[in-house]
Amino acid sequence: MAAYFLPDGPGGQVQHGLEALPLFLGKVIPAGMLGIFMAGMLAAFMSTHDSYFLCWASVIVRDIINPMRSEPLPEASQIRVTRIIILITGVFLLIWGVWYELPDSVWTYMAVTGNIFLSGAGVVIVGGLYWRRASTTGAMAAMLVGLFPGPVQAVAPWMTEGLIGVSSYILCAVTFCIVSMLFPDEPRITPEEAS
């Protein structure tokens, strides 16, 4: 196995890394237990994905389609459109997952785009929930600063991807705090205070 995974020796580049865990489990787990393990993994996989499909479809119906209409769809129509969107999403993922050949760079792309979103959004969610002085302007600024990891790597090639990822969270948090303190939201008057 060493020649298959490490053809250049222990210090070389790892080959076929995605096959290591399935091969290990196939060798370690006995045949009957392997079937039970696979059934459990398949059940967890299906449970996760049906929740994703329902979530995506209902968000599309309630947060995209309904606001674009003058009045929301009736409940029965929302359910029907949700089912259609689930079917379309399932067909897309079947084609994408089975027949589309992914380049290696797609995983880097997903990691970078996920970090761009999460660095700004994570700071905004945590700050908005737990800090009384959080402001809308600070949240917008933190989300915008989250866009900068890509350009930072182009300007500073000596920075590793991990360092850029961590620094983007820190930069978003600092920006969120400073801009929130400089540009606070107007105090909201509750209906009880107004009367």
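Residues numbered from 1 in each chain as written. Predicted model: local features only at pLDDT ≥ 70, side-chain atom pairs only at ≥ 80, totals over all residues. Heavy atoms only, no water.

## A word on the overall build of the chain
Here comes step 1: Counting its regular elements, the chain contains nine helices and zero strands.
Here comes step 2: For the chain, the α and β elements follow one another from N to C terminus as α-α-α-α-α-α-α-α-α.
Here comes step 3: Burial status across the chain gives 18% buried among its 195 residues.
Here comes step 4: Nonlocal contacts in the chain, meaning residues at least 24 apart in sequence, comprise 57% of its contacts between residues at least 6 apart.
Here comes step 5: On the chain, roughly 14,800 Å² of surface is accessible, and the fraction owed to carbon and sulfur atoms is 71%. (Helix = DSSP H or I, 4+ residues; strand = E, 2+ residues; numbered from the N terminus. Buried < 20%, exposed > 50% of the residue type's maximum accessible area, 1.4 Å probe, protein only. Contact = heavy atoms within 4.5 Å. Areas by Shrake-Rupley, 256 points an atom, 1.4 Å probe, with all protein chains shown as cover.)

## Focus on the confidence of the model for the chain
Here comes step 1: Looking at the chain, the pLDDT average stands at 84 and 88% of residues meet or exceed 70.
Here comes step 2: Per-element confidence in the chain is highest for helix 6 (residues 136-145), whose mean pLDDT is 91, and lowest for helix 7 (residues 149-155), whose mean pLDDT is 61. (pLDDT = per-residue confidence, 0-100.)

## Some remarks on the environment of E186
Here comes step 1: Inspection of the secondary structure assignment puts E186 in the loop between helix 8 (161-182) and helix 9 (191-194).
Here comes step 2: When its relative accessible area of 67% is taken as the criterion, E186 is described as exposed.
Here comes step 3: Sequence separation of E186 and S135 is 51 residues, and the distance between their C-alpha atoms is 8.9 Å.

## Some words on the packing of aromatic side chains
Here comes step 1: All told, the structure shown has three aromatic pairs when counted by the stated rule.
Here comes step 2: Centroid distance Y52 to W56: 5.7 Å. Interplanar angle 15 degrees. Geometry classified as stacked. Taken as a pair, Y52 and W56 lie in helix 3 (residues 31-68) at a separation of four residues, close to a single helical turn.
Here comes step 3: In this structure Y52 comes out as partly exposed when scored by relative accessible area, which is 41%.
Here comes step 4: Taking the relative accessible area as the measure of exposure, W56 reaches 38% and is therefore partly exposed.
Here comes step 5: With centroids separated by 6.0 Å and ring planes inclined at 45 degrees, the aromatic side chains of F53 and W56 adopt a geometry described as tilted. Within this pair, F53 and its partner W56 are both found in helix 3, separated by three residues, close to a single helical turn.
Here comes step 6: Ring pairing ties together the aromatic residues Y52, F53 and W56, which thus form one cluster. (Phe/Tyr/Trp six-rings, centres within 6.5 Å; stacked < 30°, edge-to-face > 60°.)

## Observations regarding a nonpolar patch on the surface
Here comes step 1: Together, V166, I170, V174, I178, M181, L182 and F183 make up a nonpolar patch on the protein surface, roughly 670 Å² of accessible area in all.
Here comes step 2: Inspection of the secondary structure assignment puts V166 in helix 8. (Patch = residues over 30% accessible without salt bridge, like charges linked within 9 Å, V, L, I, M, F, W, Y side chains within 5 Å. Salt bridge = Lys/Arg side-chain N within 4 Å of Asp/Glu carboxyl O.)

## Remarks on the side chain of S180
Here comes step 1: Mapped onto the fold, S180 is located in helix 8.
Here comes step 2: There is a polar contact of 3.2 Å between the side chain of S180 and the backbone nitrogen of S135.
Here comes step 3: Within the structure, the side chain of S180 is placed 2.8 Å from the backbone oxygen of F176, a separation counted as a polar contact.
Here comes step 4: Dropping the residues within four chain positions of it, S180 is found in contact with W131, R133, A134, S135, G138 and T175. (Polar contact = N/O pair within 3.5 Å; in protein donor to acceptor, adjacent residues only side chain to side chain.)

## A few points about the nonpolar core
Here comes step 1: The biggest cluster of nonpolar side chains holds six residues, and these are V123, A139, A142, V145, C172 and F176.
Here comes step 2: Among the secondary structure elements, those contributing two or more residues to this core are helix 6 and helix 8.
Here comes step 3: Every residue in contact with V123, bar those within four places of it in the chain, is listed here: L118, G128, Y169, C172, A173 and F176. (Core = buried A, V, L, I, M, F, W, Y, C linked by side-chain atoms within 4.5 Å.)

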